[in-house]
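Letter by letter, the chains look like this.
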Amino acid sequence: MKNKVIITCAVTGSVHTPSMSPYLPVTPDQIAEQAIAAAEAGASILHLHARNPADGRPTADPNVFMQFLPRIRQATDAVINISTGGSSLMTLDERLAAALQAQPEMCSLNMGSMNFGIFPLAKPGMEWQHEWEPQLLEATRGTIFKNTFADIEDILKRLGEGCGTRFEFECYDVGHLYSLKHFYDRGLVKGPLFIQFVLGILGGIGADPDNLGHMKRIADKLFGGDYRFSVLAAGRQQMPLITMGAVMGGNVRVGLEDSLTLGRGELAKSNADQVIRIRTILEALSLEIATPDEARTMLALKG
Ligand code: KMH
Ligand code: ZN
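Residues numbered from 1 in each chain as written. Chains lettered and ligands numbered in written order. Predicted model: local features only at pLDDT ≥ 70, side-chain atom pairs only at ≥ 80, totals over all residues. Heavy atoms only, no water.

**Remarks on unusual backbone geometry**
And step 1. Of the consecutive residues G191 and P192, the connecting peptide bond is found in the cis state with omega at -5°.
And step 2. As for its placement among the helices and strands, P192 is situated in the loop between α6 (174-185) and β8 (193-199).
And step 3. Notably, Q103 is not glycine yet its phi reads approximately 45°, a positive angle.
And step 4. Residue placement: Q103 occurs in the loop between α3 (92-102) and β6 (106-110).
And step 5. Despite not being glycine, S286 shows a phi value in the positive range, around 65°. (Helix = DSSP H or I, 4+ residues; strand = E, 2+ residues; numbered from the N terminus.)

**Quick word on the coordination of the zinc ion (ligand 2)**
And step 1. Only H47 (NE2), H49 (NE2) and E257 (OE) from the protein reach the zinc ion (ligand 2) as donors, at distances of 2.1 Å.
And step 2. Read in sequence order, the donor residues coordinating the zinc ion (ligand 2) give the pattern H-x1-H-x207-E. For the pair H47 and H49, a shared accessibility class is recorded, and that class is buried. (Donors = N, O, S within 2.8 Å, 3.2 Å for Na, K, Ca; no water. Buried < 20%, exposed > 50% of the residue type's maximum accessible area, 1.4 Å probe, protein only.)

**Some words on the sheet that holds β6**
Across a sheet, strands are paired by hydrogen bonds formed along the backbone, either parallel or antiparallel in direction.
And step 1. The parallel closed barrel is built from eight strands, whose spatial order is β1-β2-β5-β6-β7-β8-β9-β10. Taken over all neighbouring pairs, the strand axes of this sheet differ in orientation by 25° on average, direction set aside.
And step 2. As paired strands, strand β5 (residues 79-82) and β6 are joined by two bridges and run parallel to one another. When the bridges of β6 are listed, N81 appears paired with M106. (Pairing = 2+ DSSP bridges. Axes fitted to C-alpha atoms, helices over the stretch in contact; angles between N-to-C directions.)

**Side note on α6**
And step 1. Here α6 contains twelve residues, and its C-alpha end-to-end distance of 17 Å stays within 8% of the 16 Å for a straight helix at 1.5 Å per residue.
And step 2. Inspection of α6 places V174, H176, L177, S179, L180 and F183 among the buried residues, and these make up the whole buried set.
And step 3. Contact partners of the buried residues in α6: α5 (149-163), β7 (166-171), β8 and α7 (209-223).
And step 4. Positioned one or two residues after α6, G187 has a phi angle of 80°, which is positive. (Expected span 1.5 Å × (residues − 1). Contact = heavy atoms within 4.5 Å.)

**Focus: the site of ligand 1**
And step 1. Neighbouring ligand 1 are 13 residues, the closest being H49, S83, S108, R253 and E257.
And step 2. At 2.6 Å from an oxygen atom of ligand 1 is found a side-chain nitrogen or oxygen belonging to S108.
And step 3. Surface burial for ligand 1 is 97%, taken as the share of its 310 Å² of free accessible area covered by protein chains.
And step 4. When the residues that make up the shell around ligand 1 are grouped by side-chain class, the tally is four nonpolar, six polar and three charged. (Near = heavy atom within 4 Å. Polar contact = N/O pair within 3.5 Å; in protein donor to acceptor, adjacent residues only side chain to side chain. Areas by Shrake-Rupley, 256 points an atom, 1.4 Å probe, with all protein chains shown as cover. Nonpolar A, V, L, I, M, F, W, Y, C, P; charged D, E, K, R; others polar.)

**Observations regarding the pairing of β7**
And step 1. By the criterion of burial, β7 is predominantly enclosed, with six of the six residues buried.
And step 2. Relative to β7, β6 runs parallel, the two being bridged by five bridges. Across the sheet, residue C107 finds its bridge partner in β7, namely F167.
And step 3. With four bridges connecting them, β7 and β8 associate as parallel partners. Paired with F169 across the strands is I195, a residue of β8.
And step 4. For the handedness criterion, the β-α-β arrangement of β7, α6 and β8 is classed as right-handed. (Right-handed = clockwise from strand over helix to strand, strands pointing away.)

**Things to note about the environment of I205**
And step 1. Position of I205 among the secondary structure elements: in the loop between β8 and α7.
And step 2. In the structure, I205 is positioned 33 residues away from Y172 in sequence and 6.1 Å away in space, judged by C-alpha atoms.
And step 3. If we ignore the near neighbours within four places in the chain, the residues touching I205 are Y172, D173, V174, V198, L199, G200, N211 and M215.

**Here's the deal with the pattern of salt bridges**
And step 1. In this structure the tally under the stated criterion is 20 salt bridges.
And step 2. The residue R296 makes a salt bridge to D293 at a minimum N-O spacing of 2.9 Å. You can see R296 and its partner D293 sitting in helix α10 (residues 292-299), three residues apart, about one turn around the helix.
And step 3. Take R296: its relative accessible area is 13%, and that puts it in the buried class.
And step 4. Looking at D293, the relative accessible area reads 48%, which means it is partly exposed.
And step 5. Several salt bridges share partner residues, and in doing so they unite E168, E170, R253, E257 and D258 into one network. (Salt bridge = Lys/Arg side-chain N within 4 Å of Asp/Glu carboxyl O.)

**As for the nonpolar core**
And step 1. One finds L46, L48 and F197 to be the most contacted residues of the largest nonpolar core, which totals 70 residues.
And step 2. The element contributing the most residues to this core is helix α1 (residues 28-41), with seven residues.
And step 3. The contacts of L48, once residues within four sequence positions are left out, are V11, I31, A35, F65, F68, L69, I72, I80, N81, I82 and S83. (Core = buried A, V, L, I, M, F, W, Y, C linked by side-chain atoms within 4.5 Å.)

**Thoughts on the environment of S179**
And step 1. Mapped onto the elements of the fold, S179 is located in helix α6.
And step 2. Note on S179: relative accessible area 12%, which makes it buried.
And step 3. Those residues in contact with S179 that lie beyond four places of it in its chain are M111 and F149.

So, in structure tokens, the structure goes:
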């Protein structure tokens with residue numbers, strides 16, 4: 001099969017808050033509607049978090065996930081990818097509860113523990129709709145976004161071996177690639193790996209072309225041909241760096257989890273807006289977009 005580009009859309013995440021954009025989906029209806037529209041626009045993987053329907057605060061409650069997952073599954077054939085990272089304020093058991101219940105084809109898996117700075121998103125003079133928003137941002141100054149080696153092994157066993165789920169391995173820095181290699185060498189993860197190069201999170205590697213090239217060089221050295229990569233970049237570096245990733249032979253992740261804009265200063269009005277933007281760029285470069293079933297084949301998912 002010709003090398004096609006998989007578009008993942010990360011629909012809401014747990015980084016941005018409702019005051020930052022009126023277009024951030026927070027209720028189950030909004031998450032379902034935006035996820036379905038993103039799939040219709042060309043996203044073959046939907047990376048999903050949940051939010052408290054009352055106030056938009058990130059939640060790991062499986063009952064909330066179950067208010068939008070069946071709807072998305074019924075309306076699209078996109079690959080469902082549930083976050084196991086949740087937010088740095090959730091315990092590991094909380095973070096895994098929804099995925100263990102839904103047993104999706106794919107889950108994210110953060111390849112290490114790190115500082116994860118979202119507090120710079122609190123701009124001076126910002127007007128907040130909810131008290132919890134600046135509080136959550138501030139709380140990330142003193143918490144660790146945690147996945148110890150034991151946590152990673154636990155996730156691989158409970159979701160990977162237990163449910164047949166495969167992973168989007170989130171690598172926020174070069175060291176995470178070496179951690180992934182450790183699990184690969186032990187036979188706990190199997191190719192073709194799907195590695196997400198995460199660029200531009202405060203606490204991880206910066207979002208610039210050199211760093212992307214370096215992540216790819218190290219991944220080539222460690223995994224040879226037994227992996228596929230995708231690129232996500234936080235904030236306004238999103239479109240330029242994911243485009244570069246696709247030109248380098250990789251896949252792309254968009255979505256309001258990673259950036260609220262379509263570029264400098266222009267809010268994206270939906271997740272589908274970002275899918276359409278990257279799709280237009282890729283097609284103009286004569287790159288073809290993978291369907292969900294093509295993504296399943298490329299990544300050896302259970303289907
Ligand atoms: N927030 C992203 C940078 C997860 O949900 O497990 C990474 C992410 C992690 O999507
Ligand atoms: Zn996520």
